[in-house]
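Fold and geometry: a report
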Amino acid sequence: MLEPLALQLIALSLYLLCMGFCFCDGFKMHTGRKLIWFGTFAAISIYTFNALHEFNLALILPVPSLLAILLASFERRKAILKEAQQITARRKEREKKA
């Protein structure tokens, strides 16, 4: 049977795959924001392992999850503002033509 540490690593790997690739790429996050998310995830994981000598998922997972949601909301807000600017630019072009 697998050791608890191996099971924790498998759980973290699945979380990293699902959250990091599916969620972050699904919202088309900028690479810099993905790196911020991954750095935070890695730092919390390493700190938890050094302090407790195990990967305590209850301590590790909430912060990166909330950070991913926050970064995704920033990305969405940025996309909405960019779209609004494009609409305004198109209106100004139409007004100049008319």
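A brief look at the structure comes next. Residue numbers here run from 1 along each chain, matching the order of that chain's written sequence. At least 70 in pLDDT is required for a residue's local features to be given in this predicted model, at least 80 for side-chain atom pairs to be given and counted, and no such filter applies to totals for whole chains, interfaces and linings, which use all residues. Side-chain measures were taken over the full set of non-hydrogen atoms in the model, leaving aside hydrogen atoms and water.

This part covers helix 4 (residues 62–97). Segments assigned H or I by DSSP are reported as helices when at least four residues long, segments assigned E as strands when at least two residues long, and all are numbered from the N terminus. Every helix has an expected span of 1.5 Å times one less than the residues it contains. Its 36 residues place the ends of helix 4 53 Å apart at the C-alpha level, agreeing with the 52 Å of an ideal helix rising 1.5 Å per residue. Looking at helix 4, one finds that the buried residues are Pro64, Ser65, Leu67, Ala68, Leu71, Ala72 and Glu75. Where helix 4 is buried, its residues contact helix 1 (4–26), helix 2 (31–52) and helix 3 (57–60). Buried, partly exposed and exposed residues are distinguished by accessible area as a fraction of the type maximum, computed with a 1.4 Å probe on protein chains only: under 20%, between the cut-offs, and over 50%, respectively. Residue contacts are counted whenever heavy atoms from the two residues lie within 4.5 Å of one another.

Any Phe, Tyr or Trp ring, taking Trp's six-membered ring, that has another such ring centre within 6.5 Å forms a pair; planes under 30 degrees apart are called stacked, those over 60 apart edge-to-face, and the others tilted. A complete count under the given rule lists 4 aromatic pairs for this structure. Plain terms: the ring middles of Tyr15 and Trp37 are 6.3 Å apart, the flat faces sit at 35° to each other, and that makes the pair tilted. Within this pair, whereas Tyr15 is found in helix 1, its partner Trp37 is found in helix 2, the two being separated by 22 residues in sequence. There is no split in this pair, since Tyr15 and Trp37 are both buried. The rings of Tyr15, Trp37 and Phe41 are connected pair by pair, giving a single aromatic cluster.

Okay, helix 2 next. Its 22 residues place the ends of helix 2 31 Å apart at the C-alpha level, agreeing with the 32 Å of an ideal helix rising 1.5 Å per residue. The complete set of buried residues in helix 2 reads Trp37, Phe41, Ile44, Ser45 and Thr48. Down the axis of helix 2, the smallest arc covering the buried residues is 100°, so these residues share one side. Residues Leu35, Ile46, Tyr47 and Asn50 are exposed on helix 2 and point more than 90 degrees away from its buried face. Residues of helix 2 that are buried make contact with helix 1, helix 3 and helix 4. Note on helix 2: the residue one or two positions beyond its end, His53, has a positive phi of about 60°. Working definition: the arc comes from the directions between the helix axis and the C-beta atoms, pointing outward to the latter.

Of all hydrophobic cores here, the largest spans 14 residues; its most connected members are Trp37 and Ile60. Elements that contribute at least two residues to this core include exactly helix 1, helix 2 and helix 4. With residues near it in sequence (within four places) discarded, Ile60 still touches Leu12, Phe41, Ile44, Ser45, Thr48 and Phe55. To qualify as a nonpolar core, a set must consist of buried Ala, Val, Leu, Ile, Met, Phe, Trp, Tyr and Cys residues joined through side-chain atoms within 4.5 Å.

Attention now goes to a nonpolar patch on the surface. Exposure above 30% relative accessible area and no salt bridge define the residues that can form patches, which grow by joining like charges within 9 Å and nonpolar side chains of Val, Leu, Ile, Met, Phe, Trp and Tyr within 5 Å. Surface exposure here means Shrake-Rupley accessible area, sampled with a 1.4 Å probe, where a residue is shielded only by the protein chains that are shown. By definition here, a salt bridge exists when the distance from a side-chain nitrogen of Lys or Arg to a carboxyl oxygen of Asp or Glu is within 4 Å. Together, Leu7, Ile10, Leu14, Leu17 and Phe21 give the surface a local cluster of nonpolar side chains, amounting to about 480 Å² of exposed area. Inspection of the secondary structure assignment puts Leu17 in helix 1.

For His53, which is not glycine, the phi dihedral falls at a positive 60°. Tracing the sequence through the fold places His53 in the loop between helix 2 and helix 3. The exposure class assigned to His53 is exposed, which follows from its relative accessible area of 63%.

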